[in-house]
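Listed here are the chains, written in short residue letters.
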Amino acid sequence: ATCLSRIGMTYMNLGDVTNARQVVTESLALFTEIGSRRDEVICNAFLCAIELMAGDYQQAEFNAARSVAIARNLDDEFVLGVAIGFLGWTHLFTDNVEGALMTLREAVSITKRTGATMDSVRWVSQLGLAQWKNGQPQQARALAHESLRLAAQVIDPWSLLTAMSTTIAILAEGEEPERAIELHSMLMHDPLCAASRWYADGIGVYVVAAMEKLPSDIVEARLSRGEELDQREQVAVLVTELSERGWYGLNTIDKFGKKL
């Protein structure tokens, strides 16, 4: 069961949604059979991530809700943070911004307590996107910056992708669309990003809109430049760039959970 779960993660990183769904479903069935409730939480969260990639947001929400229901009956804050975070992520794609704000704040607060840095990267970034959608740009920028700062501390494809996503959306909507285009181009050469409908629907739409407003030669130049960029290097570069822009102002992740 554990091996199937890890294979599923690898398929996800390769952008192979079909095989990822198949092996993680098999993994979940085995964990359910042997009564490993903690692993059921994680597998349902994985299935949520897979359905987010596939663009089936109702199914993603179902998997996340099932993960949360199991997690709330366990004395394990780590898996509860994972489950609640994924539920909040799905709320962003089911037109439930208020639900996303509430759920992601809880997830951020939990991951701060447990020290789960990779999960903090994801939920801080997604909370930033929820704040952006809710018309709170200052808070959104601070969260995007914090997510990137945390992502620089870990080596994880999903963390890098999610950390950059909110920043790209904000830049594309007007602050620096050309920079957003090259970062988007960089990510689209990663199979994990290229196969993720959540990225296309939630982030890519901002970039496409920005490209339509710019001269074609500028767009082509930025797309070409993006092909040469490295994700890990760009995370570090962005932390510095956004600090210079003033994308900060909140001291701790605790404040993100309690005050935003």
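In what follows, the accompanying structure is described. It should be emphasised that the depicted structure is a prediction, and the values quoted were computed from it without experimental measurement. (Residues numbered from 1 in each chain as written. Predicted model: local features only at pLDDT ≥ 70, side-chain atom pairs only at ≥ 80, totals over all residues. Heavy atoms only, no water.)

On to unusual backbone geometry, then. For Asp95, which is not a glycine, the phi torsion comes out positive at approximately 55°. Asp95 gets classed as exposed once you look at its relative accessible area, which sits at 77%. (Buried < 20%, exposed > 50% of the residue type's maximum accessible area, 1.4 Å probe, protein only.)

What follows deals with the nonpolar core. The biggest cluster of nonpolar side chains holds 83 residues, and the ones touching the most others in it are Leu52, Phe86, Trp89, Ile168 and Trp198. In terms of residue count, the dominant contributor to this core is helix H3 (residues 37-54) (11 residues). Not counting chain neighbours up to four residues away, the residues in contact with Leu52 comprise Tyr57, Ala60, Phe86, Trp89, Thr90, Phe93, Arg197 and Trp198. (Core = buried A, V, L, I, M, F, W, Y, C linked by side-chain atoms within 4.5 Å. Helix = DSSP H or I, 4+ residues; strand = E, 2+ residues; numbered from the N terminus. Contact = heavy atoms within 4.5 Å.)

Looking now at the state of the cysteines. For the coordinates displayed, the defined rule picks out 0 disulfides. Free of any disulfide, Cys3 has its nearest cysteine sulfur in Cys43, 12 Å distant. By relative accessible area, which is 60% here, Cys3 ends up exposed. With no disulfide of its own, Cys193 has Cys48 as its nearest cysteine by sulfur position, at a separation of 17 Å. In this structure Cys193 comes out as buried when scored by relative accessible area, which is 1%. (Disulfide = S-S within 2.5 Å.)

So, on to the packing of helix H4 (residues 57-71) against helix H5 (residues 77-91). Following both chains from N to C, one finds H4 and H5 inclined at 155°, their axes separated by 8 Å at the closest point. Considering the angle they form, H4 stands roughly antiparallel to H5. By crossing handedness, the relation of H4 to H5 is classed as left-handed. Seen from H4, the contacting residues are Ala60, Glu61, Ala64, Ala65, Ser67, Val68 and Ala71; seen from H5, they are Val79, Leu80, Ala83, Ile84, Phe86, Leu87, Thr90 and His91. Of the residues contributing to the contact of H4 with H5, the split by class is 11 nonpolar, 3 polar and 1 charged. (Axes fitted to C-alpha atoms, helices over the stretch in contact; angles between N-to-C directions. Parallel < 35°, antiparallel > 145°, perpendicular 65-115°, else oblique. Left-handed = near helix turned anticlockwise from the far one by under 90°. Nonpolar A, V, L, I, M, F, W, Y, C, P; charged D, E, K, R; others polar.)

Okay, the pattern of salt bridges next. One pass over the structure, following the stated rule, counts 17 salt bridges. Between Arg225 and Glu182 there is a salt bridge; the shortest N-O distance is 2.9 Å. Placement of Arg225 in helix H13 (residues 216-226) and of Glu182 in helix H10 (residues 177-188) is noted, with a sequence separation of 43 residues between them. Here Asp201 makes a salt bridge to Arg197, at a shortest N to O gap of 2.6 Å. Taken together, the residues Asp201 and Arg197, both in helix H12 (residues 197-213) and 4 residues apart, mark about one turn of the helix. Asp201 sits in the partly exposed class, given a relative accessible area of 32%. For Arg197, a relative accessible area of 40% translates into the label partly exposed. Connected via shared salt-bridge partners are Glu178, Arg179, Glu182, Arg222, Arg225 and Glu241. (Salt bridge = Lys/Arg side-chain N within 4 Å of Asp/Glu carboxyl O.)

Turning next to the environment of Leu87. Mapping Leu87 onto the fold places it in helix H5. C-alpha separation for the pair Leu87 and Ala64, spaced 23 residues apart in sequence, amounts to 4.9 Å. Ignoring sequence-local partners within four residues, the contact set of Leu87 consists of Glu61, Ala64, Ala65, Val68 and Thr103.

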